[in-house]
2 protein chains.
Amino acid sequence: MTSGATPAPAGRRRGRPRRAEAAGGGPATRDRILAAARAEFAERGYDAASIRGIARVAEVDQALVHHYFGTKEQVFGAAVAAAAAPATDNLSLRPDVPPEQLGQWLTGVFFRVWENPVTRAPILAIARSAITNDTAAGIFRTFIAGQLVGRITERLDAPDARLRAELAAAQLVGVMMLRYILRVEPLASADAEELVARLVPAVQHHLTGPPPG
Amino acid sequence: MTSGATPAPAGRRRGRPRRAEAAGGGPATRDRILAAARAEFAERGYDAASIRGIARVAEVDQALVHHYFGTKEQVFGAAVAAAAAPATDNLSLRPDVPPEQLGQWLTGVFFRVWENPVTRAPILAIARSAITNDTAAGIFRTFIAGQLVGRITERLDAPDARLRAELAAAQLVGVMMLRYILRVEPLASADAEELVARLVPAVQHHLTGPPPG
């Protein structure tokens, strides 16, 4: 990841419709900056990515990136949220899932996101940044705590709801590591439906199983 | 991780008792090289670490590093094995654990290694390298598959033993991620004994629970 740290020389920039963008802006421009940010963080990692590089890929002025998203940390936070949007959209669309089916539902959402290469690639890249950079880890932690664990926690009626949600998330994060990052066999090639069937009892145990001791 | 990529200039080297080492060698020298390798991989990551840097820290000639360990990949593999030695020593010391207690035993070994800062630090550093570098990931994968999962697998009398062992390992790897790397609360500060009690049923489910469907 270190080899991509040097910004491309100015001569390699493609033409940027700077005036039109600065004047226009709007949702399309914001989305293009966000897509560029995801690509930059994915390709270079958190440390080497820059507002300047994101602006170049999006073909807008750097000031517009700051205008829409603020600091590099804030751009990264927005990129994490955008990358995880399919998962969190799923989470927010199903307020009617009863606690005893949360394991099935959470495990299903996880595999729908991770089995689809389009949604997997950006999250994988951003997860890697979070593992090697403390700032990125903080942003990723805030996202996991607030979005994923938070939404599960509020559906559980238990004083230890948050710890339960985190242990359930840990089961799925570990599968992410061994199946998609380290690609340990036979887990990496196992049928996703079989894995859901094997994982649900463990995930559900954490969410609603008897307390320890 | 990019800032440490440049090797220190030769002028910064401390005196190296090159002749004594080349002549002497032996277990003490090998151990010192291994400790230097662990420190180098931990500090710089896999990409930036070099045989030259390891030799400098160990105060031996580069040729001696090659003599004992071979290539950079092989040094890394040896460093992974050394970092995980407390875990694998525990694994190899207990051939009498019955299958229905393997969950308790594996979870206990995991927390003994990870709750001790002396054993945690090198594994953490090496795990981070494995997440961001494909070569390091391959070495780490071989280690997990061969040492950890392999030893569990051979104690389970089931055709799907390896997949079971990997799903159990995934639960613990996920805890490693959320508790020690991302430090998500309350998991990061929870009492280790309480976590063992909460995790054992999930780990044991994977190892000896009913097959899916």
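Residues numbered from 1 in each chain as written. Chains lettered and ligands numbered in written order. Predicted model: local features only at pLDDT ≥ 70, side-chain atom pairs only at ≥ 80, totals over all residues. Heavy atoms only, no water.

Naming follows an unreviewed UniProt entry, where chain A appears as TetR/AcrR family transcriptional regulator of Streptomyces hainanensis.

### Considering the interface of chain A and chain B
For clarity, the cut-off: When checking whether two residues touch, look at their non-hydrogen atoms; a contact exists if any pair is within 4.5 Å. Two parts placed together each lose some accessible area under a 1.4 Å probe, and adding up what both lose gives the buried area. Whenever a carboxyl oxygen of Asp or Glu lies within 4 Å of a side-chain nitrogen of Lys or Arg, that contact is scored as a salt bridge. Each polar contact in these results corresponds to two N or O atoms within 3.5 Å; when the atoms are within protein, one needs to be able to donate a hydrogen and the other to accept it, and residues that are neighboring in sequence are counted only if both atoms are side-chain atoms. Counting from the N terminus, the helices are DSSP H or I runs at least four residues long and the strands are E runs at least two residues long. Classification convention: Asp, Glu, Lys, Arg as charged; Ala, Val, Leu, Ile, Met, Phe, Trp, Tyr, Cys, Pro as nonpolar; all other residues, Gly among them, as polar.
Across the contact, 44 residues belong to chain A and 44 residues belong to chain B. Surface buried jointly by chain A and chain B totals about 4,100 Å² across both partners, of which 71% is contributed by carbon and sulfur atoms. The largest per-residue losses of area from chain A upon contact with chain B belong to A:I131, A:L182 and A:R198, which jointly make up 17% of the total buried on that side. One can count two salt bridges joining chain A with chain B. Among the salt bridges present, the one from A:R198 reaches B:D160, with a minimum N-O distance of 2.7 Å. At the junction of chain A with chain B, the criterion picks out ten residue pairs in polar contact (both at pLDDT 80 or more). Every element with two or more residues in the side of chain A that touches chain B is listed here: α8 (117-132), α9 (134-153), α10 (161-181) and α11 (192-208) of chain A. Ranked by residues supplied to the side of chain A that touches chain B, first place goes to α10(A) with 14 residues. Across the side of chain A that touches chain B, the residue classes tally to 26 nonpolar, six polar and twelve charged.

### As for the environment of A:E154
Inspection of the secondary structure puts A:E154 in the loop between α9 and α10. A sequence separation of eleven residues divides A:E154 from A:A165, and the C-alpha atoms of the two residues are 9.7 Å apart.

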